[in-house]
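Given next are the chains, with one letter for each unit.
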Amino acid sequence: MYSNWVLGLFLVLICFFVLWYILPYVIRKIGEEYLRRRTRSLRAIVLTYDDGPSAELTPKILKLLDENDVKATFFMLGFRLNQSRNVALLVKEYCHEISSHSQSHLNAWKSLPWKAAKDLRMGFRTLGTLTDSDVFFRPPHGKLTLGTLIQVWLRRKRLGWWTIDSTDTHAVHMSAEKLIACVRREGGGVILMHDHNRDHPSNGNEFVLDITRQLLELARFEGFRVLTLGQLVDGS
Ligand SMILES: [Zn+2]
């Protein structure tokens, strides 16, 4: 009798684990593969910037994008939007795509479900004070749970994954040449970058500007289209 009870509890825990973590993880992998195929078939590069906006780096990125007459996708954090509202307004004025990356970047795998849910809800609420045309949600740290998934679906938003991590937030990031080679090899890609300010020794800010510049050159000289994430998935 006791062993049946333990077995039942064990099965419930396994089911919970599969539904809460594994199913969303599989959905993420399917989403990434879909984006990989889209970028390859459209020969497209999507520039995405997370964790901003910042008064230091975002305006420099906007200037670069404007000089090259291209649009990017910015996944903003609610608390940074509140800190740099003027910069967020500038992103909007330049007609870039803006979407939510939560309020304070809580990792849904390491947070209590109701705290992660609140962070997501607050992020959408803050973004709603800037725009009502946001389409995507990019989970902080790329960590998705069933709770996040249900909230995103109920809000009729889409998950905004990436296919190539520029590693710009790593203490030791890959070289710009390696990143460009990766984009070339994959026939395009949704590039993960970050536009929050960094002042650590590896100087991430300059790296982000440098890879943005090199990706735009690659697009210009090798015939890649530069699209927003919305344009990529909607096929325009
Ligand atoms: Zn992030």
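Keep in mind it's a predicted model, so treat the numbers as computed, not measured. (Residues numbered from 1 in each chain as written. Predicted model: local features only at pLDDT ≥ 70, side-chain atom pairs only at ≥ 80, totals over all residues. Heavy atoms only, no water.)

**Some words on the packing of helix 5 (residues 113-128) against helix 6 (residues 146-154)**
In a packed pair of helices, the relevant descriptors are the angle between the two axes and the axis-to-axis distance.
Step number 1: Two elements in contact, helix 5 and helix 6, have axes separated by 10 Å at closest approach and are oriented at 30°. Classified by the angle their axes make, helix 5 and helix 6 are roughly parallel. Here helix 5 runs over helix 6; the crossing is right-handed. Along its contact with helix 5, which presents Ala-117, Leu-120 and Arg-121, the element helix 6 presents Thr-148, Gln-151 and Val-152.
Step number 2: Its residues assigned to classes, the contact of helix 5 with helix 6 comprises three nonpolar, two polar and one charged. (Axes fitted to C-alpha atoms, helices over the stretch in contact; angles between N-to-C directions. Helix = DSSP H or I, 4+ residues; strand = E, 2+ residues; numbered from the N terminus. Parallel < 35°, antiparallel > 145°, perpendicular 65-115°, else oblique. Left-handed = near helix turned anticlockwise from the far one by under 90°. Contact = heavy atoms within 4.5 Å. Nonpolar A, V, L, I, M, F, W, Y, C, P; charged D, E, K, R; others polar.)

**As for the pairing of strand 2 (residues 73-76)**
Step number 1: Alternating positions in strand 2 separate into two faces, Thr-73 and Phe-75 on one and Phe-74 and Met-76 on the other, with burial throughout.
Step number 2: For strand 1 (residues 44-52) and strand 2, the ladder comprises four bridges, and the chain directions are parallel. Within strand 2, the residue paired with Asp-50 across the bridge is Phe-75.
Step number 3: Chirality of the crossover, the property in question, places the unit of strand 1, helix 2 (residues 58-67) and strand 2 among those that are right-handed.
Step number 4: Here strand 2 pairs with strand 3 (residues 97-100) via four bridges, running parallel. Its bridge partner being in strand 3, Phe-74 is matched across the sheet by Ile-98. (Buried < 20%, exposed > 50% of the residue type's maximum accessible area, 1.4 Å probe, protein only. Pairing = 2+ DSSP bridges. Right-handed = clockwise from strand over helix to strand, strands pointing away.)

**Some points on the side chain of His-96**
Step number 1: Its location among the elements puts His-96 in the loop between helix 4 (85-93) and strand 3.
Step number 2: Residue classification places His-96 among the buried positions, given a relative accessible area of 7%.
Step number 3: Look past the residues within four positions of His-96 in its chain and what remains in contact with it is Leu-62, Leu-65, Val-70, Lys-71, Ala-72, Phe-74 and Val-91.

**Observations regarding unusual backbone geometry**
Glycine aside, a negative phi is what most residues show, and trans is what most peptide bonds show.
Step number 1: A cis amide bond, omega 0°, links Gly-52 with the succeeding residue Pro-53.
Step number 2: Although it is not a glycine, Asp-69 sits at a positive phi angle of roughly 55°.
Step number 3: Positionally, Asp-69 belongs in the loop between helix 2 and strand 2.
Step number 4: For Asp-69, a relative accessible area of 66% puts it in the exposed group.
Step number 5: With a phi angle near 65°, His-105 is a residue other than glycine that sits in the positive phi range.
Step number 6: Mapped onto the elements of the fold, His-105 is located in the loop between strand 3 and helix 5.

**Section: the packing of helix 1 (residues 2-42) against helix 6**
Step number 1: Between helix 1 and helix 6, whose axes approach to 8 Å, the crossing angle comes to 60°. Between helix 1 and helix 6, the angle is such that the two are oblique. Within the contact between the two elements, helix 1 uses Leu-19, Trp-20, Leu-23, Pro-24 and Ile-27 and helix 6 uses Leu-146, Gly-147, Leu-149 and Trp-153.
Step number 2: The residue inventory of the contact of helix 1 with helix 6, partitioned by class, reads eight nonpolar, one polar and no charged.

**Remarks on the nonpolar core**
Across soluble globular proteins, nonpolar side chains show a tendency to be buried alongside one another.
Step number 1: Counting residues in each nonpolar core, the largest one holds 37 residues, and the members touching the most others are Leu-47, Tyr-49, Leu-65, Phe-74 and Met-76.
Step number 2: When residues of this core are traced back to their parent elements, those giving at least two are strand 1, helix 2, strand 2, helix 4, helix 7 (176-186), strand 7 (189-194) and helix 8 (204-222).
Step number 3: Grouped together as the second largest cluster of nonpolar side chains are 23 residues, Val-46, Phe-75, Leu-146 and Leu-192 included. (Core = buried A, V, L, I, M, F, W, Y, C linked by side-chain atoms within 4.5 Å.)

**Thoughts on the packing of aromatic side chains**
Describing an aromatic ring pair means giving the distance of the ring centres and the angle of the ring planes.
Step number 1: Applying the stated rule across the entire model yields six aromatic pairs.
Step number 2: Their ring planes at 40° and their centres at 5.6 Å tell us that Phe-124 and Phe-137 sit as a pair that is tilted. Taken together, the positions of Phe-124 in helix 5 and Phe-137 in strand 4 (residues 136-137) put the pair 13 residues apart, joining distant regions of the chain. An identical accessibility class is assigned to Phe-124 and Phe-137; each is buried.
Step number 3: Linked through ring pairs, Phe-17, Tyr-21 and Trp-109 together constitute an aromatic cluster.
Step number 4: Over the ring of Phe-224 we find Arg-43; its NZ or CZ atom is 3.9 Å from the centre of that ring. (Phe/Tyr/Trp six-rings, centres within 6.5 Å; stacked < 30°, edge-to-face > 60°. Lys NZ or Arg CZ within 6 Å of the ring centre and 35° of its normal.)

That's the geometry; what it means functionally is another story.
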